[in-house]
Amino acid sequence: MDGAAGPGEGPAHETLQTLSQRLRVQEEEMELVKAALAEALRLLRLHGPSTALQGSGTPTPTRDSSITAPPGLPPTCSPSLVSRGTQTEREPEMGPSCGPPGLSNGPPALQGGNEEPSGTQSEGGCSSSSGAGSPGPPGILRPVQPLQRSDTPRRNSSSSSPSERPRQKLSRKAASSANLLLRSGSTESRGSKDPLSSPGGPGSRRSNYNLEGISVKMFLRGRPITMYLPSGIRSLEELPSGPPLETLSLDWVYGYRGRDSRSNLFVLRSGEVVYFIACVVVLYRPGGGPGGPGGGGQRHYRGHTDCVRCLAVHPDGIRVASGQTAGVDKDGKPLQPVVHIWDSETLLKLQEIGLGAFERGVGALAFSTVDQGAFLCVVDDSNEHMLSVWDCSRGVKLAEIKSTNDSVLAVGFSPRDSSCIVTSGKSHVHFWNWSGGTGVPGNGILARKQGVFGKYKKPKFIPCFVFLPDGNILTGDSEGNILTWGRSVSDSKTPGRGGAKETYTIVAQAHAHEGSIFALCLRRDGTVLSGGGRDRRLVQWGPGLVALQEAEIPEHFGAVRAIAEGLGSELLVGTTKNALLRGDLAQGFSPVIQGHTDELWGLCTHPFQNRFLTCGHDRQLCLWDGEGHALAWSMDLKETGVCADFHPSGAVVVVGLNTGRWLVLDTETREIVADVTDGNEQLSVVRYSPDGLYLAIGSHDNMIYIYSVSSCGTKSSRFGRCMGHSSFITHLDWSKDGNFIMSNSGDYEILYCVWPDGSDGTDINSLCRSHNERVVAVADDFCKVHLFQYPCARAKAPSRMYSGHGSHVTSVRFTHDDSYLISLGGKDASIFQWRVLGAGSSGPTPATPSRTPSLSPASSLDV
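Residues numbered from 1 in each chain as written. Predicted model: local features only at pLDDT ≥ 70, side-chain atom pairs only at ≥ 80, totals over all residues. Heavy atoms only, no water.

### Comments concerning the overall build of the protein chain
Stated formally: Helix and strand assignments come from DSSP, with helices taken as H or I runs of at least 4 residues and strands as E runs of at least 2, each series counted from the N terminus. The contact criterion used is simple: two residues touch if any of their non-hydrogen atoms lie within 4.5 Å. Residue burial considers only the protein chains on display, and all accessible areas are found by Shrake-Rupley using a 1.4 Å probe.
When its secondary structure is counted, the protein chain shows two helices and 59 strands. Pairs at least 24 residues apart make up 53% of the contacts formed inside the protein chain by residues separated by at least 6 positions. Surface summary for the protein chain: the accessible area is close to 34,600 Å², and the carbon and sulfur share equals 51%.

Below you can see the structure in the form of structure tokens.
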């Protein structure tokens, strides 16, 4: 029976699958139909009032004869205007809208002058103008709809006064907006040519390519959105395919991760200083190579896939071990913590340690010393803080044990005996005896002896320790004390367990700092350096912990986080405010690397210099010199800075804050020349028009505020507001001629669009087109920077993908001559300066072309 039943079930099963597939297709088609009907109803609501007014016999006002109809617009058509000026002036009333239906996502045109008497306000913030309508709220600029065909007399240009000229200029801008809407208009304006459509569900992204190649329609979560190709592109066939010929090479990394990490600063045998930020380990040469403070240069190890948390340098001074934290890739798959052992001369990875063996991240690590660095000790960030010992050459684990449930902040091998390992952290110092490590992997034994404080106060944290040449150990703690631990014969009453015959006890104490001690460093002459937290003091100690010399780090650099000994008497000091200082105790210290300390969002590049400005949640506004790789100046904004833009003259810069305030500063004197508030919500974007005569400000209150600006940029006056978005403004930009503003909002009302497959519409944080109009740079939520060809209006367009950031990339900008691209990491507070290499340029091997994420169609306006 079973054999007879089987063949009968096969066709039935196939039929059921076919029916299920048809049902899914029908459901997808229904979603598209619903979306199309919703769009049609919205368009009807937009144009319904205008149509009613047309039949009412309302007289049509005359137009300024100086405004000529743009190409493609019938000579009898003119755009409807909703403008703003002073309360005492009044513009003639404008005629009703007519012509083909306006596209819902068309670019809003900037308009000025007095507020026109308006009819019924339609959805999206547009209004229908008529002579009989009631006046709308003053100071509002609305998206312009193209007009229906009707014979419209024109206003005599001879009646215009000098005060009306700015409004006439903006009227001409509005006229060209109608041309754009007509050029990329609906199917009614193109005869019987229908767009090619492909069905998709409510969460899909489908493109509809217009047969004439002027516009592209896509669906985002079932909502139809139309994008417009750049002017001059006649068809999709004209667009380039493949990744761009240009590539990026990481030129400089600004910042140092001292805020929340330890074991992060060392000096190699070559004299290079090695430290890390984000996913990059930086090798910095203070005195060699062109282009940095004191002639410094940088190289970068970029083998990690997530943020680096700790470093250790091999006794040979060449090999480096770096441990990374756990993370997830763009598909949500976990990225496991791992340790890389790599060659600092060639930047090649030699060994990968512990992939799949660590949890959450690698918190601390250290090479052994007496056996030529044959072993590596690692502590992970799991709840038990697993302590493990590894064979460096073979990459195998020799021993492992649960360390403690408390935080472990430091680990190290004794320089005299590799069987002795020390760990310290929250409320503990542990002395470990390791045996059997050279045999079969995994058979080694780790036995623990707990440090006993006895009559001394037990501190909350012991962040650091150092081995002395005589075998004793110094620890620095949160009470500001340096404790000397000496070996003694084990006592049966001594707490702890294991088979160690000796233990360490406290033999001396010295109060060294007010507040915690964050760093200890043994110098080549046998003296010890200690770095304080609260008091920011750097103290040199001789035998018997006698203070010999000290220096204080300036307050604006923060507390001492790490200390490394350079050439001669030179010292390198890392601070908690992400600065790297260079100097000595006698002459003091000066910064060679500086960075932000909290999440970054604001970025703008100078209009004619290789300089750029950044701001973020640390409330610092910083101007950087891209040629000298140095901080030109910084100032405290007192509030969070989220966006910025240079005036085309370069004389001033505008900075938007998270409170609705925006400031205009003189770039030379740093004087605040304007302090204005628009609303009480965060500002998302500020942009000067290309001619510098206007300033557009996008806010989380769904408004775009427009200001008239003086030629030098120091004075501004409110011109009007753009209404129409139903969600907060995320981005805006001006067309090259300054005639249009295009804007994006949080509800996907967008005029240019870039999304990866499977995204929710928020995964792209920034987009910037190069000034030579060859490439587009994109910043995404997956720590990547992408480079696409421009224009990019093909679905699944290939890109060149670059990694290095350890957090979402919040912004990208090309410098004025396209020689560099600047990218900001969000929470990793990093700033990357990429050199743009053209076709045939020498440099590193180009990144592998990627199809994820892909660019959706670009805007009709020049980005």
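### Let's talk about the nonpolar core
Operational definition: For this analysis, a nonpolar core means a set of buried residues of the types Ala, Val, Leu, Ile, Met, Phe, Trp, Tyr and Cys, connected via side-chain atoms within 4.5 Å. Three labels apply to residues, based on accessible area from a 1.4 Å probe with only protein chains included: buried if under 20% of the type maximum, exposed if over 50%, partly exposed otherwise in between.
By size, the foremost hydrophobic cluster in this structure holds 42 residues, and its most contacted members are Leu265, Tyr275 and Leu821. Looking at this core, the element that brings in the most residues is strand β7 (residues 247–254), giving five residues. Not counting the four nearest positions on each side in its chain, Tyr275 is found in contact with Gly255, Tyr256, Asn264, Leu265, Val280, Val281, Val282, Tyr284, Gln298, Leu311, Leu580 and Ile593. Membership of the second largest hydrophobic core comes to 17 residues, among which are Val379, Val389, Ala399 and Leu446.

### Quick look at the sheet that holds strand β42 (residues 641–646)
For clarity, the cut-off: DSSP bridges decide pairing: two strands pair if at least two such bridges lie between them. Note on geometry: axes are C-alpha line fits, over the in-contact stretch for helices, and angles between N-to-C directions span 0 to 180 degrees.
The four strands are arranged β42-β43-β44-β45 in an open sheet whose pairing can be described as antiparallel. Edge strands, defined here as strands with exactly one partner in the open sheet, are β42 and β45 (672–677). Pairwise comparison of adjacent strand axes, ignoring direction, gives a mean angle of 20 degrees for this sheet. Relative to strand β43 (residues 652–657), β42 runs antiparallel, the two being bridged by five bridges. What sits directly across from Asp645, in β43, is Val654.

### Some remarks on the sheet that holds strand β57 (residues 820–825)
Read from one edge to the other, the open sheet built from four strands follows the order β7-β58-β57-β56, with strand pairing classed as antiparallel. Bordering the open sheet on either side are β7 and β56 (809–814), each of which pairs with just one other strand. Averaged over all pairs of adjacent strands, the angle between strand axes in this sheet comes to 25 degrees, irrespective of strand direction. Relative to strand β58 (residues 831–837), β57 runs antiparallel, the two being bridged by five bridges. Looking at β58, one finds that Leu824 is bridged to Ile831.

### Some points on the environment of Arg718
Rules: Nitrogen and oxygen atoms within 3.5 Å of one another constitute a polar contact, given that in protein one can donate a hydrogen and the other can accept it, and given that sequence-neighbouring residues count only through two side-chain atoms.
Residue position: Arg718 is located in strand β49 (residues 716–722). Linking Arg718 and Tyr705, residues 13 residues apart in sequence, is a C-alpha distance of 7.7 Å. Polar contacts involving the side chain of Arg718 include one to the side chain of Tyr707, which spans 3.3 Å.

### Digging into the environment of Gly650
Among the secondary structure elements, Gly650 is positioned in the loop between β42 and β43. Judged by its relative accessible area of 7%, Gly650 is buried. Expressed as a C-alpha distance, the spacing of Gly650 and Gln609, which sit 41 residues apart in the sequence, is 8.8 Å. Other than its neighbours up to four places away in sequence, Gly650 contacts His606, Pro607, Phe608 and Thr667.

### Some words on the packing of aromatic side chains
In plain terms, the rule: Pairing of aromatic side chains requires ring centres within 6.5 Å, counting the rings of Phe and Tyr and the six-membered ring of Trp. Pairs whose planes differ by under 30 degrees are stacked, by over 60 edge-to-face, and all others tilted.
Summed over all chains, the structure comprises 16 aromatic pairs. Between Phe612 and Trp624, the aromatic rings sit 6.5 Å apart at their centres with planes inclined by 20 degrees, giving stacked as the arrangement. Note that Phe612 is positioned in strand β39 (residues 611–616) and Trp624 in strand β40 (residues 620–625), a separation of 12 residues in sequence. Residue Phe612 is classed as buried on the basis of its relative accessible area, which comes to 0%. Taking relative accessible area as the criterion, Trp624 reaches 1% and is therefore assigned buried. Ring centres of Tyr694 and Phe719 lie 5.8 Å apart, and the angle between their planes is 75 degrees; this geometry places the pair in the edge-to-face category.

### Observations regarding the state of the cysteines
Let me state the cut-off plainly: What counts as a disulfide here is a pair of cysteine sulfur atoms lying within 2.5 Å.
Evaluation of the coordinates by the stated rule reveals zero disulfides. Free cysteine: Cys622, not disulfide-bonded; nearest cysteine sulfur from Cys615 at 9.0 Å.

### Quick notes on the pattern of salt bridges
Note the threshold: A side-chain nitrogen of Lys or Arg and a carboxyl oxygen of Asp or Glu constitute a salt bridge if their distance falls within 4 Å.
Overall, the coordinates contain 23 salt bridges when judged by the stated rule. Here the residues in one salt-bridge network are Arg523, Arg524 and Glu565, joined through shared partners.

### A short note on the pairing of strand β32 (residues 537–542)
Burial of β32 is extensive: six of the six residues sit out of reach of the surface. By the alternation rule, side chains of β32 split into Arg537, Val539 and Trp541 and Leu538, Gln540 and Gly542, which are all buried. Here strand β31 (residues 528–532) runs beside β32; their pairing, made up of four bridges, is antiparallel. Directly across from Val528, in β32, lies its bridge partner Trp541.

### Side note on the pairing of strand β53 (residues 775–780)
Remember that side chains alternate between the two faces of the sheet whenever the strand is regular. With respect to burial, β53 is a largely interior element, six of its six residues being buried. What you see with β53 is no split at all: Val775, Ala777 and Ala779 on one side and Val776, Val778 and Asp780 on the other are buried throughout. Direction of pairing for strand β52 (residues 764–769) relative to β53: antiparallel, over a ladder of five bridges. If you follow Ser766 over to β53, its bridge partner there is Ala779. Summarising the sheet, β53 and strand β54 (residues 785–789) pair through five bridges and their orientation is antiparallel. Residue pairing across strands places Ala779 opposite Val785, the latter belonging to β54.

### Side note on the side chain of Ser414
Along the polypeptide, Ser414 turns up in the loop between β22 (408–413) and β23 (420–425). Non-local contacts of Ser414, meaning those with residues more than four positions away in its chain, are made with Cys420 and Phe467.

### Here we look at the confidence of the model for the protein chain
Put simply, the rule reads: By definition, pLDDT measures how confident the predictor is in each residue, and it falls between 0 and 100.
Averaged over the protein chain, the pLDDT score is 76; the fraction of residues at 70 or greater is 70%. Under a pLDDT of 50 for its full length, residues 848–863 has, in the predicted model, 83 contacts with residues more than four places off or in other chains.

### Thoughts on the side chain of Asp780
Here is the rule we go by: Within this scheme the basic residues Lys and Arg register as positive and the acidic residues Asp and Glu register as negative, but His and the chain ends are omitted.
Locating Asp780 in the fold gives a position in strand β53. Buried charged residue Asp780 carries no salt bridge. Nearest counter-charge: Lys784, at 6.5 Å. There is a polar contact of 3.3 Å between the side chain of Asp780 and the backbone nitrogen of Cys783. Among the polar contacts listed, one links the side chain of Asp780 to the backbone nitrogen of Lys784, at a separation of 3.0 Å.

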